[in-house]
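# Residue-level structure breakdown
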Amino acid sequence: MAGSNKKNILVGVSGGIAAYKICTLVSSLKKDGHDVHVLMTKEAEEFVGPLTFQTLSGHPVIRNMFSLQDGAEVHHIALAAKADAFVIAPASANTIAKIAHGIADDMLTTTFLAATCPKLIVPAMNTHMLENPVTQDNIALCRKYGMYVMESASGYLACGDTGSGRMPEAHQIKDALESILESERYLAGKKVVVSAGPTQEAVDPVRYITNHSSGKMGYALARAARNAGAHVVLVSGKTALEAPFGIDMIHITSAQDMADAVLRESADADAVIMAAAVADYTPKETADHKLKKSDNDMYIELKRTTDILKMLGERKQPHQKLIGFAMETEDLLANAAGKLEKKNADFIVANSIAEAGAGFGVDTNRVTILSREEEKDLGLLSKDETAEKILEYCLKEG
Ligand code: CTP
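Everything numeric in this text was worked out from a predicted model, so none of it was measured.

What counts, and where the lines are drawn
- Residues numbered from 1 in each chain as written.
- Predicted model: local features only at pLDDT ≥ 70, side-chain atom pairs only at ≥ 80, totals over all residues.
- Heavy atoms only, no water.
- 1 Å grid on protein atoms, 1.4 Å probe; cavity = no way out; pocket = protein on both sides within 12 Å on 5 of 7 lines; lining within 4 Å.
- Points joined across faces, edges and corners; volume = space filled by probe spheres on them.
- Helix = DSSP H or I, 4+ residues; strand = E, 2+ residues; numbered from the N terminus.
- Nonpolar A, V, L, I, M, F, W, Y, C, P; charged D, E, K, R; others polar.
- Domains from an automatic or database assignment.
- Near = heavy atom within 4 Å.
- Polar contact = N/O pair within 3.5 Å; in protein donor to acceptor, adjacent residues only side chain to side chain.
- Areas by Shrake-Rupley, 256 points an atom, 1.4 Å probe, with all protein chains shown as cover.
- Sits in = over half its atoms within 2 Å of the grid points.

We now examine the layout of surface pockets. Considering only enclosed or pocket space, the largest pocket measures out at about 1,400 Å³ in volume. If you trace the largest pocket, you find 47 residues lining it, with D175, E178, R223, R226 and N227 closest to the centre. Where the lining of the largest pocket is concerned, the elements lending two or more residues are α8 (170-180), α9 (216-227) and α13 (383-395). Looking at the lining of the largest pocket, its residues break down into 18 nonpolar, 10 polar and 19 charged. Of the residues that make up the lining of the largest pocket, three or more belong to each of domain 1 (8-181) and domain 2 (191-395). Considered as a void within the structure, the second largest pocket measures approximately 860 Å³ in volume. As for the second largest pocket, its lining consists of 36 residues, and the residues nearest its centre are A276, A277, V278, F325 and M327. Broken down by secondary-structure element, the contributors of at least two residues to the lining of the second largest pocket are α9, α11 (308-314), β16 (321-328) and α12 (332-342). Among the elements that line the lining of the second largest pocket, the one with the most residues is β16, at 4 residues. For the lining of the second largest pocket, the residue count by class is 14 nonpolar, 13 polar and 9 charged.

Take a look at the structure:
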C-alpha cells in the first residue's frame, strides 16, 4: 500500500474452504506494516487452524464468545473501536445472513456489529447458495447499510460445481481493502477518466499492430484516483491485468474504440489522464480474410488515427485537467514540452524508456512532470507510488 500509514485491520473468517486463501491476505497485510487481528467462526476452524492465523498475524485469534481467553469479551469491543477496516472473507451465506440482519451470536458477528469502520464483505459459497434470492437479498441489504461487497469470481468450485461463488484472490481482496481504508479523499465527487494499455490495429482477422504497453502505470493511476475518492472510469486496451475493485471498466481494442470511449466519457469528467499507448497509425484497410503470403515483399499502408489528447485539449472545459504522457528514447524534456503545447494539456508526465527501472513492463518508474510553470522530477519509485505522487501533484488543490 504505497505511501499509507499502518492501519488496524480486522479480518473475519467464516466457514468455507476459501479460508486457506486468507492466510496469504493476512501475511501480505502484515508485510505492509498493518496491525491485523483475525476473528474466526467455529466453522472456519474446521478449515484452517487458529494457530496458522495467530502465527501470521502475531496476535491470538479471536474465536469463541464464551472462552474467556485473555479477557476476550472486552478486548473485541476495543478492537472494533479502533479498527480502520473490517473484512469478512470468506463470507458464508450464513454469516452474510446474520450480518444483514444484525444477528450477533458469536465473536465475529458481535465484533462486526460493534465496528463503525468501513466494512468489506467477500462472499464465497456454492453457486446455488449465492444465486438463491434469499442470499441476494441479504447481500443487497449489506450494500444498503453501507458495506462494500466484492463480486465473487466464476470458475471451478471446491464442491465440484462450476459457476459464480468463487472467492477472489488475496491480492484482489487487498486491492478492495485499500480502496475503503480511510485516506485523504481529495478527489471525492470528481470523475476521473484514465486510459491505459496498448491498442491493437487489425491488419486482417488474425494479425494486428500493437506496442509493448503493459497498462501497469494507467491501472496504478486509476487505483490511486479511486483511493483518493474519485469516480474512476478506466478505458483499457488489451492487458493481462485484472479489473481493479470499484472502478468502471471499459475494454477497448483499437485506437478508434479508445477515441470513442474516452471522448464520450470525458464530456463530464473533471480530469482525463491519457496513460494509454495509443497507436498513431492504423492500416488504411483491414482485410476481411486472412492475407496469404507470396514470394514478394509486402507493404501495409497506414493512416493517422485520431490524436485523442489533442482533441481533448481543443475541447477542454475550464474546470477540466488534462494529463498526458510522453515516453521517449531521446530529448525527453524538449519533446515533452512540445507535447504540452501542441496538445494543450495541463501536465505531461515524461518518462525515458532508456532509463533503468522505467518504461514498459517493469514495476518501477521514473518520471518528470512538466507543467507550464515548472518541471518536477519524482525520482525512481514503484508505479503505485509514482501514481499517487502524479495525482497529488496534478490534481490536489491547495
Ligand atoms: N495520444 C493520444 N492519441 C494518439 C496518440 C497518443 O491521445 N493517437 C496520447 C498518449 O496517450 C499520450 C500522449 O498522447 O498521453 C503522447 O503520446 P505520443 O504518442 O508519445 O506522442 P505524439 O504526440 O504522438 O508524438 P510522437 O509519436 O511523435 O512522439
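Structure's up, so let's keep going.
Glancing now at the site of the ligand. Not every one of the 15 residues close to the ligand is listed here, only the nearest: M274, A276, L309, F325 and K339. For the ligand, an oxygen atom lies 2.7 Å from a polar atom in the backbone of M274. At 3.4 Å, a side-chain N or O of T305 approaches a nitrogen atom of the ligand. Notes on the ligand: free accessible area 570 Å², of which the protein chains cover 78%. Because more than half of its atoms lie within 2 Å of the grid, the ligand is assigned to the second largest pocket. Put simply, the parts of the chain that give the shell around the ligand at least two residues each are α11, β16 and α12. Tallied by class, residues from the shell around the ligand come to 7 nonpolar, 3 polar and 5 charged.

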